Amino acid sequence: MIGATSLVPTAEGSSVDSAEAVPLIELKHISHSFGTPSDIAARLAIALRLAKPAPRLRAIDDVSLSVRKGEVVGLVGESGCGKSTLGRVVAGILPPTSGSVLWRGRDIKTLSPSERREAKLRVQMIFQNPYASINPRRRAVDIVGEAPRVHRLINGDFDAFVDEQFRRAGLDPALKRRFPHQFSGGQRQRIGIARALAVQPEFLVCDEAVAALDVSVQAQILNLFMDLRERLNLTYLFISHDLGVVEHISDRVAIMYLGRIVEEAPAEEIFARANHPYTQALLAEVPRIETTKRSFAAIKGELPSPLAPPSGCHFHPRCPHALPRCRTEAPRLEVVAAGHRSACHLNGVCR
Amino acid sequence: MSIDMLPPGSTAAEKGEEAPFRGLVRAFFRSPGAMFGVPLLAIIVGLALFAPLVAPQDPYDLNQLDIMDSRLPPGSQSMTGMTFWLGTDDQGRDMLSGIIYGLRISLGVGVSSALFAALFGASLGLIAAYAGGRTEAAIMRIVDLQLSFPAILVALMILAFLGKGILNVVLALVIVEWATYARAARGTALVERRKEYMEAAESLAIPRWRMLFVHLLPNCLPPLIVIATVQVARAIALEATLSFLGLGVPITEPSLGLLVANGYQYMLSGMTWISFYPGVALLITVVAINLVGDRLRDVLNPRGHS
Amino acid sequence: MNATALLQVRDLQTHFGPVKAVNGVSFSVGRGEVLGLVGESGSGKSVTGFSVIGLVDPPGTIVGGKIIFDGRDITRSGREEMRSLRGRRIAMIFQDPMMTLNPVLRIDTQLIEAVQAHEDVSRAEARARARDALGMVGIPSPDERLQAYPHQFSGGMRQRVVIAMAMLHRPDFIIADEPTTALDVTIQAQILAEMQKLVAQNHTSLIWITHDLAVVSRLADRIAVMYAGRIVETGPVSDVLTRPLHPYTAGLIDSVPSRNRRGERLRQIPGMAPNVARLPAGCAFAPRCARADARCGEAVPLFTAGMREHRCLHPLPEVRA
């Protein structure tokens, strides 16, 4: 059992509302598995031993995480680590297979349908693919204005409201009658942001929101996120594989590997004193502009498939410091410093 | 904050406000097949719609018929001085008028059955894709069952049960055709459903029915439109077959198929025109619809566009 | 420009109708040299790569300029001539390995085909070459892996197979178009390590096309920065990245998060990427440039200073804070 604490001590100088004792969003022992439920024919075949049961993909494996109001939590990992799935669980798009999601301290399963809808609107998601995340057959004005209109959030003129949302996201309102195919990638991302902001959320989950954008556009969008955070007092879960970006805007960082959180700490801590070997490997490869030509020395091994994760500590086949214990026993997240937790057996041994 | 400005005086196309539809229309007409097929289809539809104004004679008005005019070859004159351009049938009806009115019936039956089948089938396909689980399994098993029977057999069984009549024919065709739409709609919907704009709608708590019909359906339309054009041709041909077999539309409102059937007995006697010209009209109609449908399929093919 | 370079591109123009994707590009690459061709979407960097290897599809055509490979002008070479060069002396690696690999054929079939396309060897020998190539790029148990299909490999492995294919004939020149952009950071590091090793061992020239300045900084000897179809700055990598002369290069470097202080606004380049179908006269970057003036609306000549070249009437001062 992983020792989940619902209150994480904050780092110095972060802009978290310390009077807010209850975290905005809390995930308790969340797991999520993907797998198609077998139909009658398949179940019959399995019962007759003519077929094997389809493997279930354990995308998230007993994750506990809490985010306080005003915080920016960075969630970092590579393909198959489950960070996108976790983001969708937080945003209410995917219900977890087990565990509970708490909104302002209340389990969303216990909420009434209208309260649940409220909670859903308060958490919005910005997606990675600017080409697939907005409906190609609708005009920008309808994409942004639909949800507020359906939920009756607009007092006053519809067009004026949508214009305001456009401006807030850095788009010219004169473009609102365009269709998505005439916008650039960066502009489409802004439409997605305007759409999310239009329902007055408190929490934004950014799922690789800048990964598909050019560097110069990425800088613009990241600055927009930072502006919005200040002006609207937003809380963020920033999912990315790019540690450079995460380092820049996060207060706290959690590192995921194959469905589990392996390390969690304030941003400066992670970058100065990374504990887990995977974090250290990631940090070694953070893209930085070097002034001299350097050779690449990478960690060995392939990313294992989430369908067949290694036993014990998922990272042990690639870990340069693996112990025999690492193959058999999964390490638990334990406190290694103030506000800093890591799941590694090496922490119990003198290093 | 950076704001994107647009030069003044841009056309709607440049501004991107042109609906994706208009761009497709322009692409559509770049093919010679479409350039030929669309006017042809337009003529056929025009004839069918304005039949009373276009046809020289109302072939169902018994007062206008004279049995003495029967079985006259093309080009003959009637007693009243009217020219039978395509000859007459055994009742003295002008073939040309019969064909024009027959087009009406054939097209009417073909289009309406395709339309209703599309509405019914696509809805079921979308619901199956969206609901998943047992609902999807149930619907798709019925679709599989339906599609495993030959169309003509199913139509015959239904008409044998219901009896003849135009409405019954349309109903039978709808029952035969809906499954194709359901399968296509479900396939496309399964792909579109996973796309991120659907996830966004989910997180914005958009009501289910809106997600299905306002978000999902428009993006599933292209393959359905193509199927619809093909199905219209198929329905017309199927109805012609049924009428030929005597189970289709009643004799008082003959479709092209029924006209062919009626004239069949005279083929060997040398009075080929009674069967031949309706057959040619049927052929031209089906070809025109296929030309347009082929071009539509090319234009709507997602791989041809970004 | 180095007249004895392996590849010389002079004033290349590749247009797609009104779109001037490559609008007067000149550079050279020497033997064993790694050139990083850097730019964002729409800069024309990929089309430049395709033009050199002769893979530009209609409606795109090379409308001007020269491409000189090993002393021979290959700009107007016919298909047969280019086919004999491709694979043997010039190879290309794409971003998506499935652009090179056929999903329905086994890996050994594809590699053997690639060997036999340019050399008359027996199948057994070709297979041995294929196995060695896989081992060279760091694929474990190559004999087993030869029997597999592309979909049985992970993304990183597939890219390695593509690199192995490219290296089969020990080409003089490789053009790599963003091959690691879609890969995870740890896998990207592995691929880059392999490329470095291979290039050093075989003295292969390499053009690495990317938008990622960090990769270029560690991999390349020289860098060429592209904007709206033109090269705006060229020079040795460390030089250009520590003392950029062109405002766009400086803007790109400054936008990278690791170059900014934590928690502060990132320095961003104002405005949007230009519409390549309707370029302004003169410098394409002028509308977004803080240093631009009226003179920038006229054609900007190329300035050369030692190893550095740039196209800017108001370059940044050599010494930066």
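Quantities reported herein were computed from a predicted structural model and do not represent experimental measurements. Along each chain, residue indices are assigned from 1 in the same order as the chain's sequence is written. The naming scheme follows written order: chains are lettered A onward, ligands numbered 1 onward. Only residues with pLDDT of at least 70 are given local features in this predicted model, and only at 80 or more are side-chain atom pairs given and counted; all residues enter the totals for whole chains, interfaces and linings.

## Side note on the overall build of chain C
For the purposes of this entry, the term helix denotes a DSSP run of H or I that reaches at least four residues, the term strand denotes a run of E that reaches at least two, and both are numbered from the N terminus. Per the secondary structure count, chain C includes 10 helices and 12 strands. Here the globule rule reads 2.2 Å times residues to the power 0.38, and the radius of gyration is calculated from C-alpha atoms. Its C-alpha radius of gyration of 21 Å places chain C within 12% of the 20 Å reference for a compact globule of 321 residues. Overall size of chain C, expressed as C-alpha extent along the three principal axes, is 65 × 50 × 35 Å. In chain C, which comprises 321 residues, the proportion classed as buried is 49%. The contact criterion used here is simple: two residues whose C-beta atoms, placed from the backbone, lie within 7 Å are in contact. Residue pairs in contact within chain C that sit at least 24 positions apart in sequence constitute 64% of those at least 6 positions apart. Counting other C-beta atoms within 10 Å of a residue's C-beta gives its exposure: the residue is buried at 20 or more, exposed at 12 or fewer, and partly exposed in between, where C-beta atoms are placed from the backbone.

## Some words on the overall build of chain A
Assigned secondary structure in chain A consists of 11 helices and 12 strands. Sequence separation of 24 or more characterises 69% of the internal contacts of chain A that already satisfy a separation of 6 or more.

## Thoughts on the pairing of strand β8 (residues 235-240) of chain A
Residues and elements named next belong to chain A. For β8, the tally of buried residues reaches six of six residues, placing the bulk of the element in the interior. Across the two faces of β8 the burial is the same, with Thr235, Leu237 and Ile239 and Tyr236, Phe238 and Ser240 all buried. As defined by bridge partners, strand β3 (residues 72-76) adjoins β8 across five bridges and the pair is classed as parallel. In the sheet register, Val76 faces β8, and the bridge partner there is Ser240. One bridge is not enough; two strands pair if DSSP finds at least two bridges between them. Examined bridge by bridge, strand β7 (residues 203-207) and β8 share five bridges and lie parallel to one another. Along β8, the bridge assignment pairs Val205 with Leu237.

## Here's the deal with the sheet that holds strand β11 (residues 303-305) of chain C
Residues and elements named next belong to chain C. Taken in spatial order, the eight strands make up an open sheet running β6-β7-β8-β3-β9-β10-β12-β11, and their pairing is mixed. Looking along the sheet, the strands with just one partner apiece sit at the ends: β6 (90-93) and β11. Between one strand axis and the next, the sheet turns through 15° on average, direction left out of account. Across six bridges, strand β9 (residues 222-227) lies against strand β10 (residues 230-236) in antiparallel orientation. Within β10, the residue paired with Val225 across the bridge is Glu233. Axis definition: a line fit to C-alpha positions, over the contact stretch in the case of helices; interaxial angles, taken between N-to-C directions, run 0 to 180 degrees.

## Describing the interface of chain A and chain B
Often the size quoted for an interface is simply the accessible area lost on bringing the parts together. Between chain A and chain B, the contact holds 33 residues from the first and 27 residues from the second. Listed by contribution, the elements that provide at least two residues to the side of chain A that touches chain B are α3 (113-122), β6 (123-126), α4 (140-150) and α6 (185-197) of chain A. It is α3(A) that contributes the most residues to the side of chain A that touches chain B, three residues altogether. Each residue gets one label: Ala, Val, Leu, Ile, Met, Phe, Trp, Tyr, Cys and Pro are nonpolar, Asp, Glu, Lys and Arg are charged, and the others, such as Gly, are polar. Taken together, the residues that form the side of chain A that touches chain B break down as 14 nonpolar, 11 polar and eight charged.

## What about the interface of chain C and chain A?
Listed by partner, the interface residues are 41 residues for chain C and 34 residues for chain A. Sorting the residues of the side of chain C that touches chain A by element identifies α6 (155-167), α7 (185-202), α8 (213-219), α9 (237-242) and α10 (247-255) of chain C as the ones contributing at least two each. It is α7(C) that provides the largest number of residues to the side of chain C that touches chain A, a total of eight residues.

## Examining the pairing of strand β10 (residues 260-266) of chain A
All names here are of chain A. The element β10 is extensively covered by neighbouring structure, given that seven of its seven residues are classed as buried. The pairing of strand β9 (residues 252-257) with β10 spans six bridges and is antiparallel. Of the residues in β10, the one forming a bridge with Tyr257 is Arg260. Turn length for the β9-β10 hairpin, with the two strands adjacent in sequence and antiparallel, is two residues, and the turn residue Leu258 shows positive phi of about 50°.

## Some thoughts on α10(C)
α10(C) sits mainly inside the fold: eight of its nine residues count as buried. The set of residues buried in α10(C) consists of Pro247(C), Tyr248(C), Thr249(C), Ala250(C), Gly251(C), Leu252(C), Ile253(C) and Ser255(C). Buried residues along α10(C) sit against α7 (215-232) of chain A together with α8, β9, β10 and α9 of chain C.

## What to know about α3(A)
Within the sequence span of α3(A), burial applies to Ala119(A), Lys120(A) and Leu121(A). Packing partners of the buried residues in α3(A) comprise β4 (98-103) and β6 of chain A together with α9 (196-203) of chain B.

## A word on the nonpolar core
Phe238(A), Leu173(B), Tyr181(B) and Trp208(C) are the most contacted members of the largest nonpolar core, which totals 259 residues. With 17 residues, the single largest contributor to this core is helix α5 (residues 95-131) of chain B. Linking buried Ala, Val, Leu, Ile, Met, Phe, Trp, Tyr and Cys residues through C-beta atoms within 7 Å yields a set, and such a set is a nonpolar core.

## Regarding the sheet that holds strand β1 (residues 25-34) of chain A
Residues and elements named next belong to chain A. A sheet is described by the order of its strands in space; here four strands give the open sequence β2-β1-β4-β5, paired in antiparallel fashion. Among the strands making up the open sheet, the edge pair consists of β2 (57-67) and β5 (106-107). Across five bridges, the pairing between β1 and β4 is antiparallel. The residue bridging Ile25 from the neighbouring strand is Trp103, located in β4. Helix α2 (residues 83-90) contacts β1, β2 and β4 of the sheet and is inclined by roughly 125° relative to β1.

## Describing the packing of helix α3 (residues 107-118) of chain C against helix α4 (residues 123-136) of chain C
Two measures define how a pair of helices packs: the angle their axes make with one another and the distance between the axes. All names here are of chain C. At a minimum axis distance of 9 Å, the contact between α3 and α4 shows a crossing angle of 110°. Taken as axis vectors, α3 and α4 run roughly perpendicular relative to one another. Relative to α4, the crossing made by α3 is right-handed. Along the contact surface, α3 presents Asp108, Leu111, Ile112, Val115 and Gln116, while α4 presents Arg123, Ala126, Arg127, Arg129, Ala130 and Ala133. By definition in this entry, angles of less than 35 degrees are roughly parallel, angles greater than 145 are roughly antiparallel, angles of 65 to 115 are roughly perpendicular, and the rest are oblique. Crossing handedness is read from the near helix: turned anticlockwise from the far helix by less than a right angle, it gives a left-handed crossing, and turned clockwise, a right-handed one.

## Structural notes on the confidence of the model for chain A
Every residue gets a pLDDT, meaning the predictor's confidence in that residue, from 0 to 100. Confidence along chain A averages 84 in pLDDT terms, with 89% of residues attaining 70 or more. Note that pLDDT drops below 50 for residues 1-19 of chain A; the model gives that stretch 30 contacts with residues more than four away or on any other chain.

## Some details on the environment of Met226(C)
All names here are of chain C. Within the secondary structure, Met226 is located in strand β9. When the C-alpha positions of Met226 and Gly42 are compared, they lie 9.5 Å apart, and in sequence the two are 184 residues distant. In this view, Met226 contacts Leu37, Val38, Gly39, Ser43, Gly44, Lys45, Ile231 and Val232; residues no more than four positions away in its chain are not counted.

## Quick word on unusual backbone geometry
All names here are of chain C. With an omega of 10°, the peptide bond running from Pro58 to Pro59 counts as cis. Mapped onto the elements, Pro59 comes out in the loop between α1 (45-53) and β4 (60-69). With phi around 55°, Asp11 is a residue other than glycine that occupies positive phi space. Assignment of secondary structure puts Asp11 in strand β1 (residues 7-16). Residue classification places Asp11 among the exposed residues on the basis of 12 C-beta atoms within 10 Å. Backbone geometry at Asp70 places phi at a positive 50°, although glycine is not the residue there.

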